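Chain by chain, the residues:
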Amino acid sequence: MDVFGQLLGGIAGVLTPVNLLLLAAGVLMGMIVGVMPGLGPSAGLAILLPVTFGLDPAGAIVMLAAVYYGAMYGGTITSVLINTPGESATVATTFDGFPMAQQGRAGPALVLAAVASFVAGTVGAILISLTAPAVAAIASSFGPPELFLVVIAGLLTLVVIIGQNRLLGAVSALIGFGLATVGVDITTGNQRYTFGSPELIEGIDFIPVAIGLFGVGEILWSLYNRAHRQDLGYMAVSARARGFWPTRRDWAESRGSMGRGSLLGFFVGAIPGAGATVASLMSYSVEKAVARRPEKFGHGAVPGLVGPEAANNAASAGSMVPLLTLGVPGSGATAVLLGGFLIWGLTPGPLLMEQNPDVAWALIGSMYLGNVMLLVLNIFCVPAFASIARVPFRILGPIVVVLCVIGAYTVNGSLVEVGIMLVCGVLGFFMRRFGFSPAALVIALVLGPIAEESLRQTLLISGGSFGIFIQRGPSQALLAFVALLCVFAFVAPLVFGAVRRSVDRRTERRLAEAARRAGEGEESADDRPSDEQRQVDA
Amino acid sequence: MGTKLATVGVCFTAALALAACGGTGGSGGGAAEENYPEEPLEWTVAFGPGGGNDIMSRQIVDILEKEDLYPDDITVENVDGGSGALGWGRVFADTGNPYAISSTSGSFLTTPLQADTPWQPGDFTHIGLLATDASLFLTSKKSGLTTWEQWVDYAKNKGKVAVGGIGVVNVDLILHAELAKQAGYEMEYVPFNEEGQLITGLSSGSLDAITSNPAEVLGQIESGDMNALLFTGDEPMPGLEEVPTAKSKGYTRMVTTPRGIILAPDAPEEARQWWIDTIKEVVQSPDWQNYLDENNLTADERWGDDFTQYVEKTSSDLETRLTELGAL
């Protein structure tokens, strides 16, 4: 097929020894940048973009794609190991990734995340080749009303993660929405709660808040729990150890999640303004809604880690679609790439794929190779990273605090943000102490401004009428989708629950019968059936 | 917020990275005025890498190095944040330092109007204006509106059109308000934070028209996905000469934003004069012409006091007009 020919051509074109070196160097540098709390892909790209000015465009693209994936995975590493997302797209990774690490399963978590990213990257590359024009047409039909509905779908995650503690969860989200109002009011140009500080006119950045709430808050919480006095439960970190690799059941549990996350991520990522954050959060909601054991979510459920990881990676492939086919940057990272295009003398726009197909396909090809390189490097690196989980808290804790301060400072070179980060650290501790939800706060902070902006733009356009949401075709489709998600989130668990209970009863009966028939003498050598039984009981 | 380019990178240009460092040793603070320049130059870009301001700065640094116009090292540093408030704030705080230099763009005038920055555009030592940025007025292909006259008819018939631009305290609001008033139609201005969403706002049919910097939409115009109806500069836009100017249609009071070079406040006169002379050489170079052509910029050169006057006049003009429109 022609499109795959172009994809393979793109991959082959970048497969030179020099480019492979750049690729490896880029992935490593990206990972190092990404492991710094607060420095995610867009910061990594922005910092390393000038380094590439001396390279030819193909080499530069290869390197940047590598940095992008490296940084993205670096963010996953910190999310899993120290509960600190590197950027908003990896917030969802902390929900189940960090509990897994706490249970001594950091190794499997990191391996599964790398594999999920790889699968999503593969799906993404194939989808770009097959569907780019169609997806671009859909993306360009999304105006403010549609963006608002997409963000609402993302905000539904709040309902999912808040779980039982509705009141405290809602208060947490409201604090987040409150913080989100700081900055210039987009429709009037007035300042809100900036107290004249130029640092606040662009609003409170997600990064210092997340580093504080998750990173520093976690440290304070561990101190409170006297973790510094305890020895950590040792985990096996050697790649040969049995506990290091995901179990067969982990793989079985993650297969469907990877597929769903990849597809969802790609399409949501293609929508300018929504991107990887919304995609990963939506994936988390979807996974919890379809899970056989939703109660495990938040306590180290593998699908809760794998789905969002696949989604945020596929979303970065998806965000290439508007960049390459429309010249529209869909995310912070692609905005930096767009700047790179201009510097290399390319004109981003609908004709880029026609006029510079080599560059476009080299980018897609190197993104794919970046994924491959990431997986290969990880086989070597995961044991090293995972061994961080073995460092005693009294040594790791201070280092993490220092890294948090450096990370918060480096992003904008602003002491105000370091202050915000530290205040949020204390806030994060008290939120944990009293059962609030830091994740709900962060999600509200990230999605609140987009929701507000797109809703107010929509109402300006419609002259104040909400009818615009049912007049436009794309909006109608999205409304239906949101309704479907609501059904999944609220109704489905009830129905599934009822069905499952009846199935369970039947299984129990059957098992009991089987056990009776088998008698006492025969004990199963394989431990998997008993696993299943435990699952049923849970 | 997701797309904020948050960065600080101490970014050496590739050439600099290769250049032998050191050599000149410390001449130890204070401007030795007769020997200017004799220390490394700190070039602050008040935005992230890859933006219009950054590209222009790096282009000039490139020319300075290529033509050996600056005898020492040049460091380019991106200090992003607060719509330029932080980057220019840093240069402002370096009062009197002849080695602290920066480049300006539209935010240089609009950010102080919006936030309580410690600095005002008039505070700096003004070297020269190199070019001005004007905007294109665009409709989508689907609208079928290909000439300005068709647009005005359409807008009058519709009653009230929805038009988009970037931000509120910005030239886009003024342009839309002036054009609507002078052509006699009513509009609702819808502000956006990001160019990408502005473009999809138009392509999705949510907006009737937008204004935009040419660089971001050239690809869309070339492919026929957008129709350029009007250019707000006084002279036709290089590369899109067929698009009529607002002036040729009889519209006045359009605004442009400055691309220029500034030093820290109260820089010594020698340094100011040295830079005026040097930048005059830079703009003679074929590389600079190339840059102007590639970015469809119109050269508009004003040096020293002329640039100061331009900055002060444009800044107060923006302030009165945004106040009239209720944006301030």
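Scroll up to find the structure.
Residues numbered from 1 in each chain as written. Chains lettered and ligands numbered in written order. Predicted model: local features only at pLDDT ≥ 70, side-chain atom pairs only at ≥ 80, totals over all residues. Heavy atoms only, no water.

### Considerations on the overall build of chain B
- Helix and strand content of chain B: 11 helices and 12 strands.
- Within chain B, the fraction of its 328 residues that count as buried is 60%.
- Of the contacts made within chain B by residues no fewer than 6 positions apart, 79% connect residues no fewer than 24 positions apart.
- By element, 46% of the accessible surface of chain B is carried by carbon and sulfur atoms, the whole surface being about 12300 Å². (Helix = DSSP H or I, 4+ residues; strand = E, 2+ residues; numbered from the N terminus. Buried < 20%, exposed > 50% of the residue type's maximum accessible area, 1.4 Å probe, protein only. Contact = heavy atoms within 4.5 Å. Areas by Shrake-Rupley, 256 points an atom, 1.4 Å probe, with all protein chains shown as cover.)

### A few points about the sheet that holds strand β10 (residues 226-231) of chain B
- Reading across from one edge, β8-β7-β9-β6-β10 (chain B) is the order of the 5 strands in this open sheet, with mixed pairing throughout. Every interior strand has two partners, whereas the edge strands, β8 (186-192) and β10 of chain B, have only one. The average undirected angle you get between the axes of adjacent strands in this sheet is 30°.
- Pairing between strand β6 (residues 136-140) of chain B and strand β9 (residues 209-212) of chain B: 3 bridges, direction antiparallel. Its bridge partner lying in β9 of chain B, L138 of chain B is registered against I210 of chain B.
- Across the sheet, helix α19 (residues 438-462) of chain A touches β7 (160-166) and β8 of chain B, and the angle it forms with β8 of chain B is around 170°. (Pairing = 2+ DSSP bridges. Axes fitted to C-alpha atoms, helices over the stretch in contact; angles between N-to-C directions.)

### Concerning unusual backbone geometry
Residues and elements named next belong to chain B.
- Of note, the amide linkage connecting Y36 to P37 takes the cis form, showing an omega dihedral of -5°.
- Among the structural elements, P37 can be located in the loop between α1 (14-18) and β2 (41-45).
- One non-glycine residue, R253, lies in the positive phi region at around 60°.
- Its location among the elements puts R253 in the loop between β10 and β11 (257-263).
- Taking relative accessible area as the criterion, R253 reaches 40% and is therefore assigned partly exposed.

### Some thoughts on the nonpolar core
- The biggest cluster of nonpolar side chains holds 182 residues, and the ones touching the most others in it are Y73, F95 and L447 of chain A together with L136 and L138 of chain B.
- Beyond its immediate chain neighbours, meaning those up to four positions away, L447 of chain A contacts V151, G154, L155, V278 and L281 of chain A.
- Core analysis: the next-biggest nonpolar cluster, separate from the first, contains 47 residues, L113, W151, V169 and L175 of chain B among them. (Core = buried A, V, L, I, M, F, W, Y, C linked by side-chain atoms within 4.5 Å.)

### Overview of the interface of chain B and chain A
- Residue-level contacts link 51 residues of chain B with 60 residues of chain A.
- Surface buried jointly by chain B and chain A totals about 4600 Å² across both partners, of which 62% is contributed by carbon and sulfur atoms.
- One can count 0 salt bridges joining chain B with chain A.
- In this structure, the connection of chain B to chain A is made through 9 residue pairs in polar contact (both at pLDDT 80 or more).
- Looking at the side of chain B that touches chain A, the elements with two or more residues in it are β1 (8-11), α2 (52-66), α3 (85-93), α4 (106-114), β8, α7 (195-203) and α8 (214-222) of chain B.
- No other element matches the 6 residues that α7 of chain B contributes to the side of chain B that touches chain A.
- For the side of chain B that touches chain A, the class distribution of residues is 22 nonpolar, 21 polar and 8 charged. (Buried area = accessible area lost by both parts, 1.4 Å probe. Salt bridge = Lys/Arg side-chain N within 4 Å of Asp/Glu carboxyl O. Polar contact = N/O pair within 3.5 Å; in protein donor to acceptor, adjacent residues only side chain to side chain. Nonpolar A, V, L, I, M, F, W, Y, C, P; charged D, E, K, R; others polar.)

### Looking at the packing of aromatic side chains
- Counted according to the given criterion, the structure contains 30 aromatic pairs over all chains.
- Arranged with centres 5.7 Å apart and planes meeting at 75°, the rings of W148 of chain B and Y251 of chain B form a pair that is edge-to-face. On the criterion of sequence distance, the pair formed by W148 of chain B in helix α5 (residues 148-158) and Y251 of chain B in the loop between β10 and β11 is long-range, its members being 103 residues apart. Like W148 of chain B, the residue Y251 of chain B is buried in the burial classification.
- The ring of F434 of chain A carries R433 of chain A above its face, with NZ or CZ at 5.1 Å from the centroid. (Phe/Tyr/Trp six-rings, centres within 6.5 Å; stacked < 30°, edge-to-face > 60°. Lys NZ or Arg CZ within 6 Å of the ring centre and 35° of its normal.)

### Focus on the pattern of salt bridges
Residue and element names in this part refer to chain B.
- Summed over all chains, the structure comprises 23 salt bridges over all chains.
- One salt bridge connects R259 with D133, and the closest N-O pair in it is separated by 2.9 Å. Of this pair, R259 sits in strand β11 while D133 is found in strand β5 (residues 125-133), placing the two residues 126 residues apart along the sequence. Like D133, R259 is buried.
- In this structure, R272 and E269 form a salt bridge, with 3.4 Å as the shortest nitrogen-oxygen distance. One end of the pair, R272, and the other, E269, are both in helix α9 (residues 269-282), 3 residues apart, so they sit about a helical turn from each other.
- Classification of E269 as partly exposed rests on a relative accessible area of 45%.
- One continuous salt-bridge network, built from bridges that share partners, spans E178, R253, D317, R321 and E324.

### Regarding α3 of chain B
- Those residues of α3 of chain B that sit buried are A85, L86, G87, W88, G89 and V91 of chain B.
- As for α3 of chain B, its buried residues are in contact with β2, α2, β3 (74-79), β4 (100-103), α4 and β11 of chain B.

### Some details on the packing of helix α10 (residues 248-269) of chain A against helix α12 (residues 302-318) of chain A
Residues and elements named next belong to chain A.
- The contact between α10 and α12 brings their axes to 6 Å, and the two run at 30°. Between α10 and α12, the angle falls in the class roughly parallel. The two elements α10 and α12 cross, and the hand of that crossing is right-handed. Residues D250, E253, S254, S257, M258, G261, S262, G265, F266 and G269 of α10 form the contact with α12, whose participating residues are V302, P303, V306, G307, A310, A311, A314, A315, A317 and G318. (Parallel < 35°, antiparallel > 145°, perpendicular 65-115°, else oblique. Left-handed = near helix turned anticlockwise from the far one by under 90°.)

### Things to note about the pairing of β10 of chain B
Residue and element names in this part refer to chain B.
- Across the 6 residues that make up β10, a large majority, 6, are buried.
- Inspection of the sheet shows β6 paired to β10 by 5 bridges, in the antiparallel sense. The residue bridging L138 from the neighbouring strand is A228, located in β10.

### Concerning a positive patch on the surface
- Positive charge collects at one region of the surface, where R501, R505, R506, R509 and R510 of chain A lie side by side.
- In this structure, R506 of chain A sits in helix α21 (residues 473-518). (Patch = residues over 30% accessible without salt bridge, like charges linked within 9 Å, V, L, I, M, F, W, Y side chains within 5 Å. Lys, Arg positive; Asp, Glu negative; His and termini not counted. Charge placed at Lys NZ, Arg CZ, Asp CG, Glu CD.)

### Some points on a nonpolar patch on the surface
Residues and elements named next belong to chain A.
- Together, V159, V487, F490, V491, V495, V499 and V503 give the surface a local cluster of nonpolar side chains, amounting to about 540 Å² of exposed area.
- With 6 residues, the top contributor of residues to the nonpolar patch is α21.
- Counting through the fold element by element, V491 comes out in helix α21.

### Considerations on the packing of helix α9 (residues 206-224) of chain A against helix α17 (residues 393-412) of chain A
All names here are of chain A.
- As a packed pair, α9 and α17 sit with axes 10 Å apart at the nearest point and diverge in direction by 165°. Between α9 and α17, the angle is such that the two are roughly antiparallel. Our pair here, α9 against α17, has a crossing hand that is left-handed. Contacts between α9 and α17 pair I207, I211, G215, V216, I219, S222 and L223 from the former with F393, G397, V400, V401, C404, G407, A408 and V411 from the latter.
- Within the contact of α9 with α17, the residues separate by chemical class into 11 nonpolar, 4 polar and no charged.

### Re the side chain of T194 of chain A
Residues and elements named next belong to chain A.
- Here T194 shows up in the loop between β2 (191-192) and α9.
- Judged by its relative accessible area of 4%, T194 is buried.
- At a separation of 2.4 Å, a polar atom in the side chain of T194 contacts the side chain of Q191.
- Leave out the neighbours within four places in its chain, and T194 touches G183, L200 and I201.

### What to know about the environment of I61 of chain A
All names here are of chain A.
- Looking at the secondary structure, you find I61 in helix α4 (residues 57-82).
- A relative accessible area of 2% places I61 in the buried class.
- Sequence-wise, I61 and V14 are 47 residues apart; in three dimensions their C-alpha atoms are separated by 9.5 Å.

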